[in-house]
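Summary of the model geometry
If you want the building blocks of each chain, they are given just below.
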Amino acid sequence: MDWNPKRVRALAFDVDGTLFSSEGIILETYAEAIRRFSVNSQIPLEVPDRERIMLEIGKPVKTIFLNLVPQLKESERDQISDSVLELLVSKIRQGEGEFYPKVKETVTSLKNKGYQILAASNGRMPYVKTILEVSGILSLFDPIVVLDNETIKTKPDIVAKYIRDYSYSPDEILMIGDRSSDHEAARKNGSPFAFCAYGHAPEGEIPDWEVSLAKLEDLDAIF
């Protein structure tokens, strides 16, 4: 699409793979949650390897666990998912995981330039808020919309809600992220996409973009 950066008024940030990387803590967290469930339920489960888990990161939570443990009932998958959430929040508060360089400086600078700062993550509210809070930027974000699995089931739904709620034209909101769900959120809404080439996407996952970011702070130079 032809895009004009001067038209952009709002920046919708994905979180994991864009502002923060869970890669260093994700395998042990999933392994711990799955083992915990196995012990409590007496259902033997194999722990997926890091590569298999990383392929799922960025998808809606229910999709992730449906793909990783399809043999379980939804209520059982939800137990593991809740356990993962609790462990991740605790680890992030203890300083684990990795924030990409210049997150606070970049987002603060963009806010100060007058851009509306939004979050568009498939993660759940406690996860998203914990990351933003620990990085010191939660106060810069307007009210965060997350999946409710009823009216908002996908990331394109999140971006569509922001467009509706704030009466934006699609080209006034830039979706910033690293995975196919972020690309889809932009494309399905007719919005421009900034690809975080430093994130979690395997080679070739993202077919096109309006701008590619080698590091997050490149955004500040564009705007």
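In what follows, the accompanying structure is described. (Residues numbered from 1 in each chain as written. Predicted model: local features only at pLDDT ≥ 70, side-chain atom pairs only at ≥ 80, totals over all residues. Heavy atoms only, no water.)

1. Quick notes on the overall build of the protein chain
Helices and strands together make up the secondary structure of the protein chain, namely 9 helices and 7 strands. Rg of the C-alpha trace for the protein chain: 17 Å, near the compact-globule value of 17 Å for 223 residues, within the 12% margin. Principal-axis analysis of the C-alpha atoms places the extent of the protein chain at approximately 55 × 30 × 30 Å. Expressed as a percentage of the 223 residues in the protein chain, the buried residues total 52%. The long-range fraction of contacts in the protein chain, counting pairs at least 24 apart against all pairs at least 6 apart in sequence, stands at 65%. Surface exposure of the protein chain reaches about 10,300 Å², of which carbon and sulfur atoms provide 49%. With 27 positive and 36 negative side-chain charges, the protein chain shows a separation of 3 Å between the mean positions of the two kinds. (Helix = DSSP H or I, 4+ residues; strand = E, 2+ residues; numbered from the N terminus. Rg over C-alpha atoms; globule rule 2.2 N^0.38 Å. Buried < 20%, exposed > 50% of the residue type's maximum accessible area, 1.4 Å probe, protein only. Contact = heavy atoms within 4.5 Å. Areas by Shrake-Rupley, 256 points an atom, 1.4 Å probe, with all protein chains shown as cover. Lys, Arg positive; Asp, Glu negative; His and termini not counted. Charge placed at Lys NZ, Arg CZ, Asp CG, Glu CD.)

2. Quick look at the packing of helix H1 (residues 23–41) against helix H4 (residues 74–93)
Between H1 and H4, the shortest axis-to-axis distance is 9 Å and the interhelical angle comes to 135°. In terms of axis orientation, H1 runs oblique to H4. Note that H1 runs across H4; the crossing there is right-handed. Counting all contacts with H1, which are made through Ile25, Ile26, Glu28, Thr29, Tyr30, Glu32, Ala33, Ile34, Arg36 and Phe37, the residues of H4 involved are Glu76, Gln79, Ile80, Ser83, Val84, Glu86, Leu87, Leu88, Lys91 and Ile92. Here the contact of H1 with H4 is built from residues that sort into 11 nonpolar, 3 polar and 6 charged. (Axes fitted to C-alpha atoms, helices over the stretch in contact; angles between N-to-C directions. Parallel < 35°, antiparallel > 145°, perpendicular 65-115°, else oblique. Left-handed = near helix turned anticlockwise from the far one by under 90°. Nonpolar A, V, L, I, M, F, W, Y, C, P; charged D, E, K, R; others polar.)

3. A few points about the sheet that holds strand S5 (residues 173–177)
The sheet built from 5 strands is open, its strands ordered S4-S1-S5-S6-S7 with parallel pairing. Strands at the two margins of the open sheet, each flanked by one partner only, are strand S4 (116–119) and strand S7 (211–213). Averaged over all pairs of adjacent strands, the angle between strand axes in this sheet comes to 25°, irrespective of strand direction. One ladder, built from 3 bridges, connects S5 with strand S6 (residues 193–196); its direction is parallel. By the bridge assignment for S6, glycine 177 is matched with phenylalanine 195. Across the sheet, helix H7 (residues 155–165) lies against S4 and S5, angled at about 150° from S5, the strand it touches most. (Pairing = 2+ DSSP bridges.)

4. What to know about the pairing of S5
The buried fraction of S5 amounts to 5 of the 5 residues, a majority that puts the element mostly inside the structure. Neither face of S5 is exposed, since Ile173, Met175 and Gly177 on one face and Leu174 and Ile176 on the opposite face are all buried. With 4 bridges joining them, strand S1 (residues 10–13) and S5 adopt parallel strand pairing. Among the inter-strand pairings, alanine 12 is bridged to a residue of S5, identified as methionine 175. Running through helix H8 (residues 180–189), the crossover from S5 to the neighbouring parallel element S6 is right-handed. (Right-handed = clockwise from strand over helix to strand, strands pointing away.)

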